[in-house]
Every structure is written in C-alpha cells, then in structure tokens.
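# Structural description and commentary
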Amino acid sequence: MKKALLLIVFVVVGLSANAQEFKPFKVGLGLGYAIPADGGGGIAVYLEPGYRISDVFLLNLRLESAAMAKVVGDQEASVSASGSYTLNGQYYLSNNDFRPFVGLGAGLFSNATVSVSVDVDGVGTVSADFDPSSSIGFYPRIGFDYGHFNFIFDYNLIPATDEVEFNGTTIDLGDDKIKNSYMTIKMGVSIGGGRN
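Presented here is an overview of the structure given in this document. (Residues numbered from 1 in each chain as written. Predicted model: local features only at pLDDT ≥ 70, side-chain atom pairs only at ≥ 80, totals over all residues. Heavy atoms only, no water.)

Before going further, it helps to examine the environment of Tyr182. In this structure, Tyr182 sits in strand S13 (residues 182-192). Since its relative accessible area comes to 1%, Tyr182 is described here as buried. Between the C-alpha atom of Tyr182 and that of Met68, which follows or precedes it by 114 residues, the distance is 9.6 Å. Within the structure, Tyr182 has its side chain in polar contact with the side chain of Glu64 (distance 3.0 Å). (Helix = DSSP H or I, 4+ residues; strand = E, 2+ residues; numbered from the N terminus. Buried < 20%, exposed > 50% of the residue type's maximum accessible area, 1.4 Å probe, protein only. Polar contact = N/O pair within 3.5 Å; in protein donor to acceptor, adjacent residues only side chain to side chain.)

And the structure:
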C-alpha cells in the first residue's frame, strides 16, 4: 500500500514538474444566471481556486452560492440560497489563447430553506417553510478560457426532495417533490494561471 501511494505521489509530481507553459495556480471568480430544473431563475456567484497538474488538466475546488426563485408543482416557491462545496477536473482541448474545456465535478450541495404552499390530503393547502438539507451531487461542465476571462456552463444534478418535516410531521410531497437540480451559465475572471 505504501509503495502504491509513493508511486502515485511520484507520478503527480513528475507530471507537474514538466516544463509547463501555464502557471500552476489559478483562482477563478465570477457570477452568472442560475436556472432551476422546474423553472424560475436567479443569480449564482462562485470562487474556484485551482491547481494545474499539467497544461491540459486543472483541478479546482468550487465554492458556489445560487439564490433562486423555484417552481414546485403549480406553486411558486422562494429559496434563500443553495450552496455547493465541490471538487472538479477540467480537461483543456487546446493550448491556444482560446482554450475550450470539458470537465466533471462532484461534492456536497446544501439546499436552503424553501417557502411553499402545497396541497396535503385531508389537510388542504399548507404554507410551510421547509428546513435546509444537504446531499451529494455531481455536474458535467463545458466552457472556455480566453486570457484571464472565463465562461462556464454547469448542470448540477442533485437528488430531489420527496418528503419534508412540518410541525413534527413528515409530509410526502408526491408529485410536488422539490427538484433541486439546476444549471448555471457563468462568466468570470482568473487571477493567476496565465502563460509563464
């Protein structure tokens, strides 16, 4: 086991020790538009510190917050914010000034409190604030870097919420389950990570 771990360390160090055309450390930050799976919209802000293992592969830590108004069933719902703490990898398709990339990420998504009115059998319409929850999700991404400018499209796949706690009672939402997935279209800038 120790030999395998040592081999992995040597491979990573060897890849990063090669003469790289681009600086290894990069921090991306920016904002964009968030679109929930059921409709609605909002704003997203992100911070992505990253490290280039090679000129074509970048490993990022993504910290993102998205404040959105969502639709749940036929009802309009409000969400204060959804946050994510994820790790992603980006593979660059060229080393020109215009650098398109594809990537994949996964991590923890925190779904904020939702206020919504739902029809509950035997009770009627109930207006409630549902407590925050967390789940593991993942996202494919595409985009490009142009100099220190970034454009990123992520589709965040997060499990839906099918039941909630309200006044000590568990309510099954049935067809009105809360879809937590959302996509973001973001623009930002990078500090560092340019050509050596």
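Residues Ala34, Ala44, Ala66, Met68, Phe109, Tyr139, Ile158 and Tyr182 constitute the largest nonpolar core, which totals eight residues. Ranked by size, the runner-up nonpolar core spans five residues in total, among them Tyr46, Leu58, Tyr92 and Ile152. (Core = buried A, V, L, I, M, F, W, Y, C linked by side-chain atoms within 4.5 Å.)

The final tally for this structure, using the stated rule, is seven salt bridges. Salt-bridge contacts for Lys26 lead to Asp145; the nearest nitrogen and oxygen are separated by 2.7 Å. Of this pair, Lys26 sits in strand S1 (residues 25-36) while Asp145 sits in strand S9 (residues 133-146); the two residues are 119 residues apart in sequence, bridging distant segments of the chain. Like Asp145, Lys26 is buried. Through salt bridges with shared partners, a single ionic network connects Glu48, Arg62, Glu64, Arg141, Asp154 and Lys186. (Salt bridge = Lys/Arg side-chain N within 4 Å of Asp/Glu carboxyl O.)

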